Structures are given as C-alpha cells and as structure tokens.
Amino acid sequence: MSDGRAARTIAATNGVAQDTAFGAVIAPIHLSTTYKFPAFEKPGPYDYSRLGNPTRDQLADTIAKLEGGARAVMVASGMAALDLALSSLRPGDLLVAPHDCYGGTHRLLSLRSARGHYRVAFIDQGDDAALAAALAEGPKVVLIETPSNPLMRVVDIRRVTSLAKAAGALTVVDNTFLSPALQQPLALGADLVVHSTTKFLNGHSDVIGGAVIAADAALGEDLAAWANTIGVTGSPLDAYLTLRGVRTLFVRVERQQRTAAALAAFLEAHPAVARVHYPGLPSDPGHALAKTQQTGFGAMISFACVGGREAVRCIVNTLQVFTLAESLGGVESLIAHPPTMTHAAMDPEARTKAGITDGLLRLSIGLEAEEDLLADLSQALEAAGRL
Ligand SMILES: *Cc1c(COP(=O)(O)O)cnc(C)c1O
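All values reported here derive from a predicted model rather than from experimental measurement. (Residues numbered from 1 in each chain as written. Predicted model: local features only at pLDDT ≥ 70, side-chain atom pairs only at ≥ 80, totals over all residues. Heavy atoms only, no water.)

1. Topic: the overall build of the chain
Link 1 in the chain: For the chain, the helix and strand inventory stands at 13 helices and twelve strands.
Link 2 in the chain: Here the C-alpha radius of gyration of the chain, 21 Å, is about what a compact globule of 387 residues would show, namely 21 Å.
Link 3 in the chain: Considering the chain as a whole, with its 387 residues, one finds that 52% of them fall into the buried category.
Link 4 in the chain: Within the chain, contacts between residues separated by at least 24 positions form 71% of all contacts whose residues are at least 6 apart in sequence.
Link 5 in the chain: Side chains of the chain carry 32 positive and 38 negative charges; the gap between the two charge centres is 3 Å. (Helix = DSSP H or I, 4+ residues; strand = E, 2+ residues; numbered from the N terminus. Rg over C-alpha atoms; globule rule 2.2 N^0.38 Å. Buried < 20%, exposed > 50% of the residue type's maximum accessible area, 1.4 Å probe, protein only. Contact = heavy atoms within 4.5 Å. Lys, Arg positive; Asp, Glu negative; His and termini not counted. Charge placed at Lys NZ, Arg CZ, Asp CG, Glu CD.)

What follows is the structure, encoded as structure tokens:
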C-alpha cells in the first residue's frame with residue numbers, strides 16, 4: 001500500500017485535499033472533454049478526455065492502490081473490462097475459462113470464439129485433471145472468477161496462477177464478488193484483475209463501470225493505450241460517483257458480510273432449502289480454501305430451494321424487503337433467479353453442466369437491518385413450504 005497506509009485509509013482518503021485552485025477537500029469533477037495546450041507543440045498533462053481525465057485518473061489511482069497494482073484502467077462496464085483484459089488474444093490462441101462464470105462473460109467468450117477471434121475452453125477449474133489437460137494445450141490466458149457467479153465455487157488463485165505461469169499463460173482474475181476489501185489476486189500471483197465496478201466498488205446501483213488492474217506497469221500502459229484506441233474508457237461523472245462509493249467500501253462490505261453470514265446459517269437450517277452455497281459456512285466445500293486467500297466471505301449467497309421453479313415463483317412473489325432484480329453489491333438487498341435472469345444467455349446445456357438448476361436463487365445482501373431480512377426470508381420460505 002502506498003505510503004504504508006492501510007487500505008481502508010486509502011479507500012476513504014486517497015487524493016483528498018489536493019486541490020491547488022481553491023483548496024477543495026473533495027476533488028472537483030472535470031467534465032471538460034478537451035484541454036488547452038500551454039504553448040504550441042507543448043501539451044499539458046491532459047489533452048483529450050478519452051485518453052486521460054483527472055477525475056477518472058483519481059479513481060484509477062485509488063483502485064490500483066487497493067488492488068496493489070501498478071496501474072488501473074477505468075472503462076465503461078465490467079464487460080468492457082473483461083474484453084480489454086483479453087485483448088492480447090489472437091486468432092488461434094486458447095483461453096481457459098471457468099465453466100460456471102457470470103452469464104455475460106460466458107456470452108462474450110462464446111461469441112468471440114464463434115467469430116474466430118480466439119478459442120475458448122470452459123472447464124471446472126477445481127477439477128485437477130481437466131485443468132492439467134487444458135494447460136497442456138498451451139493456453140495464452142487463464143481466466144478465473146472466484147467465488148464464482150452464482151454457485152460461489154472457490155478457485156485456488158495461488159495454485160492456478162502458478163500452474164498457468166509454468167505453462168506460459170497470463171492469469172486474469174474477476175474480483176467483482178469480493179472487491180479488494182476482501183481479496184487481492186495480484187498478491188496471490190495474478191497478472192490482471194478485472195472488476196465490474198457496477199457492483200461492490202460503486203456500491204449504490206447507479207453506475208455501470210469496469211476496471212482492469214495490472215501488476216506490471218508496461219502491461220497496464222498497453223491496456224490504457226488500447227482502451228483509448230477502441231474508445232471504451234469510462235465517463236468522468238461515472239468515475240466521480242464510483243470514487244464516492246469507494247470511500248465507504250470497507251464499512252459497507254464488512255457490515256453486508258456480517259448480515260450475509262447470519263442469513264446463510266438461517267438458510268442452511270431451513271427445511272425448505274435443499275442446499276446453501278456460501279463459503280463462510282464451515283460445511284461449504286470452499287470454506288477452507290477461501291480462508292487461505294480471502295479476508296472475508298463476502299455478501300453473496302446462493303441457495304437451491306426444495307420444490308424447484310414453483311417454489312422459486314412463490315418465494316420471489318412473497319418477499320417484501322428483497323427486490324427481484326439483477327446485479328449485486330448495492331446497499332439494497334436483491335434476489336435473482338440465475339436461470340431466467342443473469343444466466344439466461346447461457347444455453348441450457350451449459351447451465352446444467354455448470355450446476356445452475358431451476359430451483360437456484362441468488363441473494364445480494366445490503367445494509368438493511370438483519371432482523372428485517374431474516375423475517376422476510378422466513379415468511380417467504382414458509383409460504384413456499386406450504387405449496
Ligand atoms: C456484473 C458482472 C460482470 C459484468 O459487469 P457489467 O458492469 O455488468 O458489465 C462481470 N463479472 C461479474 C462477476 C459480474 O458480476
């Protein structure tokens with residue numbers, strides 16, 4: 001961390017009280033698209049906002065420090081961040097990706113592969129034989145998503161990055177589900193971290209954005225130059241709002257995961273629930289591994305309810321405090337049905353292979369009182385149990 005300050009101090013105050021024009025404590029937002037040249041043939045630090053913008057740079061600098069990276073590139077969405085992070089792949093190159101990744105990621109990789117931009121192998125990265133076989137084919141990039149969306153499978157970042165490195169591949173980790181407050185993949189050996197800043201980093205469900213963070217400065221420069229070339233850099237207003245969200249990242253995530261742990265324990269004991277996926281539960285297959293690479297278990301839970309789609313319909317229609325909506329990481333609690341919502345773009349066969357069944361529900365835990373969320377889930381599960 002820069003200047004030896006704790007990550008939470010960086011999140012709350014990086015770049016505060018630096019304004020030289022008026023002494024503004026909170027940095028002003030710079031919406032100007034263009035910047036005056038101080039003299040002929042002498043550009044200033046900024047010339048055009050697609051390439052560089054002080055507000056966006058302030059956010060990038062903060063996120064790079066939180067992830068322990070050399071450089072962050074802020075882009076227009078999480079999908080743009082993933083696409084940018086994979087932009088070094090050439091026709092014929094192989095990408096190894098998780099079989100149970102976010103539905104939009106699965107669509108991006110499948111369509112790029114269908115267009116011949118690169119080849120993709122979707123595998124269960126917890127299956128040693130499948131991983132070894134994929135690495136033996138000489139992939140250029142290995143993409144990890146941990147915990148995975150929506151089944152919360154935990155992938156061993158240290159192990160996969162070191163095997164990938166030995167095979168000559170770059171490792172990219174999608175850290176959206178935990179945020180740098182709970183997991184720092186670069187310190188575990190990854191080359192690039194990707195975020196949908198739409199989720200926990202912004203945290204208020206009012207900005208679509210993404211980030212790519214590079215461990216290596218030269219690779220970060222290349223990605224920044226390519227983001228400018230293809231025009232995917234994020235807007236200053238989005239950067240301003242996202243930095244405002246980052247200020248409270250640690251307190252939000254800590255509180256949200258405390259409530260999530262209580263709700264996961266409640267769900268695990270409930271007769272209308274067949275299975276809970278939450279690495280914080282000692283019974284979860286990812287629990288021991290999560291403890292070695294995460295500093296917390298996060299605020300995302302998924303569970304399979306008894307009774308399949310009819311029970312799902314009853315639960316989502318009965319809930320009052322949880323809102324039925326896609327996305328996650330905001331201050332309001334959301335419930336989603338992955339097969340018909342976040343993962344609808346995945347073909348049914350790939351969904352089944354990944355273990356995303358009809359009775360699966362995903363929760364993003366917000367900042368409401370724990371007792372309100374518990375009471376809400378309890379009455380909805382009771383109603384489903386009476387079906
Ligand atoms: C939401 C999400 C994305 C995509 O991000 P957008 O900002 O919606 O483009 C990528 N990965 C994960 C894990 C996500 O949850």
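2. Examining the site of the ligand
Link 1 in the chain: In the vicinity of the ligand lie 14 residues, with G78, D174, S196, T198 and K199 positioned nearest.
Link 2 in the chain: In this structure, a nitrogen atom belonging to the ligand sits 2.7 Å away from a side-chain N or O atom of D174.
Link 3 in the chain: It is helix α3 (residues 78–85) that provides the largest number of residues to the shell around the ligand, a total of three residues. (Near = heavy atom within 4 Å. Polar contact = N/O pair within 3.5 Å; in protein donor to acceptor, adjacent residues only side chain to side chain.)

3. Points about the packing of α3 against helix α4 (residues 103–114)
Link 1 in the chain: Running from N to C, α3 and α4 point in directions that differ by 40 degrees, and their axes come no closer than 10 Å. In terms of orientation, α3 lies oblique with respect to α4. The element α3 and its partner α4 pack so that their crossing is right-handed. Counted together, M79, L82 and D83 of α3 and G104, T105, L108 and R112 of α4 form the full contact between these two elements. (Axes fitted to C-alpha atoms, helices over the stretch in contact; angles between N-to-C directions. Parallel < 35°, antiparallel > 145°, perpendicular 65-115°, else oblique. Left-handed = near helix turned anticlockwise from the far one by under 90°.)

4. Considering the UniProt feature "modified residue: N6-(pyridoxal phosphate)lysine" (unreviewed entry) in the chain
Link 1 in the chain: The sites that carry the UniProt feature "modified residue: N6-(pyridoxal phosphate)lysine" (unreviewed entry) are, in the present numbering, K199.
Link 2 in the chain: In this fold, K199 is placed in the loop between β6 (192–196) and β7 (210–214).
Link 3 in the chain: On the accessibility criterion, K199 (12% relative accessible area) is buried. (UniProt positions renumbered as here; feature names shortened; annotations may be inferred.)

5. Topic: the pattern of salt bridges
Link 1 in the chain: Going through the model one piece at a time under the given rule, you end up with nine salt bridges.
Link 2 in the chain: In this structure, K65 engages D61 in a salt bridge whose closest nitrogen and oxygen atoms are separated by 2.9 Å. With K65 and D61 both in helix α2 (residues 54–67) and four residues apart, this pair spans about one turn of that helix.
Link 3 in the chain: Using a relative accessible area of 22% as the deciding quantity, one classes K65 as partly exposed.
Link 4 in the chain: Of the residues examined, D61 reaches a relative accessible area of 35% and is grouped as partly exposed.
Link 5 in the chain: A salt bridge links D100 to R153, with the shortest nitrogen-to-oxygen separation between them at 3.4 Å. With D100 in the loop between β2 (94–98) and α4 and R153 in the loop between β4 (141–145) and α6 (157–166), the pair connects residues that are 53 residues apart, well separated along the chain. (Salt bridge = Lys/Arg side-chain N within 4 Å of Asp/Glu carboxyl O.)

6. Regarding the packing of aromatic side chains
Link 1 in the chain: If you walk through the whole model with that rule in mind, you get one aromatic pair.
Link 2 in the chain: Each ring, one from Y35 and one from Y46, has its centre 5.7 Å from the other, and the planes form 40 degrees; the classification is tilted. One end of the pair, Y35, is in the loop between α1 (7–13) and α2; the other, Y46, is in the loop between α1 and α2, and eleven residues separate them in sequence.
Link 3 in the chain: Here Y35 falls in the buried class, since its relative accessible area comes to 18%. (Phe/Tyr/Trp six-rings, centres within 6.5 Å; stacked < 30°, edge-to-face > 60°.)

7. Describing the domain arrangement of the chain
Link 1 in the chain: For the chain, the domain assignment lists domain 1 (7–246) and domain 2 (250–385).
Link 2 in the chain: Once you take the C-alpha centre of each, domain 1 and domain 2 turn out to be 26 Å apart.
Link 3 in the chain: Contacts between the two partners involve 41 residues from domain 1 and, on the opposite side, 39 residues from domain 2.
Link 4 in the chain: Counting across the domain 1 and domain 2 interface gives one salt bridge.
Link 5 in the chain: Where R8 meets E254, a salt bridge forms, and the shortest distance between an N and an O atom there is 2.5 Å.
Link 6 in the chain: At the junction of domain 1 with domain 2, the criterion picks out 17 residue pairs in polar contact (both at pLDDT 80 or more).
Link 7 in the chain: Within the residue set of the side of domain 1 that touches domain 2, elements represented by two or more residues are α1, α4, α6 and α8 (236–246).
Link 8 in the chain: When residues in the side of domain 1 that touches domain 2 are grouped by element, the largest group, four residues, is from α4. (Domains from an automatic or database assignment.)

8. Some words on the pairing of strand β3 (residues 119–123)
Link 1 in the chain: Bridge count between β2 and β3: five bridges; the pairing is parallel. Each bridged residue has a counterpart across the sheet, and for V96 the counterpart in β3 is A121.
Link 2 in the chain: Traced from β2 through α4 to β3, the parallel crossover comes out right-handed. (Pairing = 2+ DSSP bridges. Right-handed = clockwise from strand over helix to strand, strands pointing away.)

9. Overview of the side chain of T318
Link 1 in the chain: Tracing the sequence through the fold places T318 in helix α11 (residues 308–318).
Link 2 in the chain: A polar contact of 2.5 Å, which involves the side chain of T318, links it to the backbone oxygen of C314.

10. Structural notes on the sheet that holds strand β12 (residues 360–364)
Link 1 in the chain: Overall, mixed pairing links the five strands, which are arranged β8-β9-β12-β11-β10 in an open sheet. The open sheet has two edge strands with one neighbour each: β8 (273–277) and β10 (323–324).
Link 2 in the chain: As paired elements, β10 and strand β11 (residues 334–336) share two bridges and run parallel to each other. The residue bridging L324 from the neighbouring strand is I335, located in β11.
Link 3 in the chain: Packing of helix α9 (residues 249–268) onto the sheet brings it into contact with β8, β9 (300–305) and β12, and relative to β9 it is tilted by some 10 degrees.

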